[in-house]
Amino acid sequence: MNASLALDILLAVTLLWSAWRTLVMPRLDRAVVLFIVFGLLLALVWARVVAPDIALAEAAIGAGLTGALLLDTLGALRRRGKDA
Amino acid sequence: MKQLVVVLAMAAFTAILVGAMLELGPAPVALPASVAANLEASGVRHPVTAVLLNFRGYDTLLEVAVLLLALLGVLAAGVSKQPREADACAADPVLPWLSRVAAPAMVMVAVYLLWAGAFRPGGAFQAGAVLAAAAVLLHLAGLLPGWVQPGRWLRWGLAGGLLLFIAVSLGPLLAGDALLQYPLAWAGLLILLIEAGLTVSLGLILAGLFLLLTDGEGGRA
């Protein structure tokens, strides 16, 4: 088994694992962080299948901006909970 | 019991999908080959940019319109918050300092991605996303207040990319050609012009989705 195949298998397994953990994680803050990890891994996968354009977009929009929005939502929810 | 049924049904559905994928024949049209054959006529040397901005420019035009529409939806839903200054005295000095250093570099990266789009991976969407990320970073570091109401300049900035794209795509129509059929000699320049406009507008739109929705307490989210 050569190195690149090993890397691909490792990527695929971690990608699926992070997706699963994101879905079943009961704590929202950890789920958001896992979602960002999932997005970055997905960007690596796109790069591995020689689609660097999509990898760039996924890393910037999918992981970065969406992750920031989710974290911000989480903060707003928490503040609202504190006010009430 | 119910869970088991659901899991079994999902597994069966997945198996059917995989079976259908394995049955797929070869694609009836070899698109990569025809893109490569017509790359000369597109004005750019990167096939993805050629498809996005020239061969399927109509799709990109509508995509940008959808993003603008999403932002208009956010504005129409009503952003009810008080204008609040970003608190510059965040407890941790590392993040604001790092943001000040990183933001100019991110702007440079965006310009490079825009320029590189003509001959290698890059382009307006990626460049716009990097610009928006710089704005979000500055906001999170407490250096840039959240947006409350877009003023006149911001409105023009948000819509400008799409308006420029529409203007350029209507030009050939007046000359008697098809919509979006750039004149051959000008194609490269026109695509760069469109992409520059789109970069600014997409950066503002994506940043706006964050800066309008966030409730203005930068750094404490």
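One structure accompanies this document, and this report is about it.

Analysis parameters
- Residues numbered from 1 in each chain as written.
- Chains lettered and ligands numbered in written order.
- Predicted model: local features only at pLDDT ≥ 70, side-chain atom pairs only at ≥ 80, totals over all residues.
- Helix = DSSP H or I, 4+ residues; strand = E, 2+ residues; numbered from the N terminus.
- Rg over C-alpha atoms; globule rule 2.2 N^0.38 Å.
- Buried ≥ 20, exposed ≤ 12 C-beta atoms within 10 Å, placed from the backbone.
- Contact = placed C-beta atoms within 7 Å.
- Nonpolar A, V, L, I, M, F, W, Y, C, P; charged D, E, K, R; others polar.
- Expected span 1.5 Å × (residues − 1).
- Arc of directions from axis to C-beta.
- Core = buried A, V, L, I, M, F, W, Y, C linked by C-beta atoms within 7 Å.
- Bend = angle between axes of the 7 residues up to and from the residue.
- Axes fitted to C-alpha atoms, helices over the stretch in contact; angles between N-to-C directions.
- Parallel < 35°, antiparallel > 145°, perpendicular 65-115°, else oblique.

Within chain B, the regular secondary structure consists of 8 helices and 0 strands. Mapped from its N terminus to its C terminus, chain B presents α and β elements in the order α-α-α-α-α-α-α-α. Over its C-alpha trace chain B gives a radius of gyration of 22 Å, far above what one expects of a compact globule, namely 17 Å for 221 residues. Taken along the three principal axes of its C-alpha coordinates, chain B extends 65 × 60 × 35 Å. Across the 221 residues that make up chain B, the buried fraction comes to 34%. Put simply, 78% of the contacts in chain B that link residues at least 6 apart link residues at least 24 apart.

What follows deals with the overall build of chain A. Each helix and strand in chain A was counted, giving 3 helices and 0 strands. In chain A, the order of α-helices and β-strands from amino to carboxyl end is α-α-α. Against the 2.2 N^0.38 benchmark of 12 Å for 84 residues, chain A shows a C-alpha radius of gyration of 15 Å, more extended than a compact globule. Principal-axis analysis of the C-alpha atoms gives chain A an extent of 55 × 25 × 15 Å. Out of the 84 residues in chain A, the part that is buried amounts to 23%. Taking all contacts inside chain A whose residues are at least 6 apart in sequence as the whole, residues at least 24 apart take part in 44%.

Before going further, it helps to examine the interface of chain B and chain A. Each side of the interface is counted separately: chain B has 16 residues, and chain A has 14 residues. Contributing elements (two or more residues each) for the side of chain B that touches chain A: helix 6 (124-140) and helix 8 (187-211) of chain B. A breakdown of the residues in the side of chain B that touches chain A according to their chemical character gives 11 nonpolar, 3 polar and 2 charged.

We now examine helix 4 (residues 57-76) of chain B. Residue and element names in this part refer to chain B. Counted at 1.5 Å a residue, the expected span for helix 4 with its 20 residues is 28 Å, and the 28 Å between its end C-alpha atoms agrees. Every buried residue of helix 4 is listed here: G57, T60, L61, V64, L67, L68 and L71. Summarising the axial view, the buried residues of helix 4 lie within an arc of 125°, below the 170-degree limit, and thus occupy one face. Every exposed residue of helix 4 that faces more than 90 degrees away from the buried side is listed here: Y58, D59, L62, V66, G73 and A76.

Quick look at the nonpolar core now. The biggest cluster of nonpolar side chains holds 59 residues, and the ones touching the most others in it are V130(B), V136(B) and I205(B). A per-element tally of this core places helix 6 of chain B first, with 14 residues.

Residue and element names in this part refer to chain B. In this model helix 5 (residues 94-116) runs 32 Å from its N-terminal to its C-terminal C-alpha over 23 residues, within 8% of the 33 Å that 1.5 Å per residue would give. A maximum bend of about 30° is found in helix 5 at A102, where proline P104 lies one to four positions downstream. Every buried residue of helix 5 is accounted for by P96, S99, A110, L113 and L114. Where the residues of helix 5 are buried, they touch helix 6 and helix 8.

Our focus in this paragraph is the packing of helix 5 of chain B against helix 6 of chain B. All names here are of chain B. Interaxial distance between helix 5 and helix 6 falls to 8 Å at its minimum, and their mutual angle equals 170°. One finds that helix 5 runs roughly antiparallel with respect to helix 6. Residue-level inspection shows S99, A102, A103, M106, V107, V109, A110, L113 and L114 of helix 5 in contact with helix 6, the latter providing A124, Q126, A127, V130, L131, A133, A134, L137 and L138. Looking at side-chain class alone, the contact of helix 5 with helix 6 contains 16 nonpolar, 2 polar and no charged residues.

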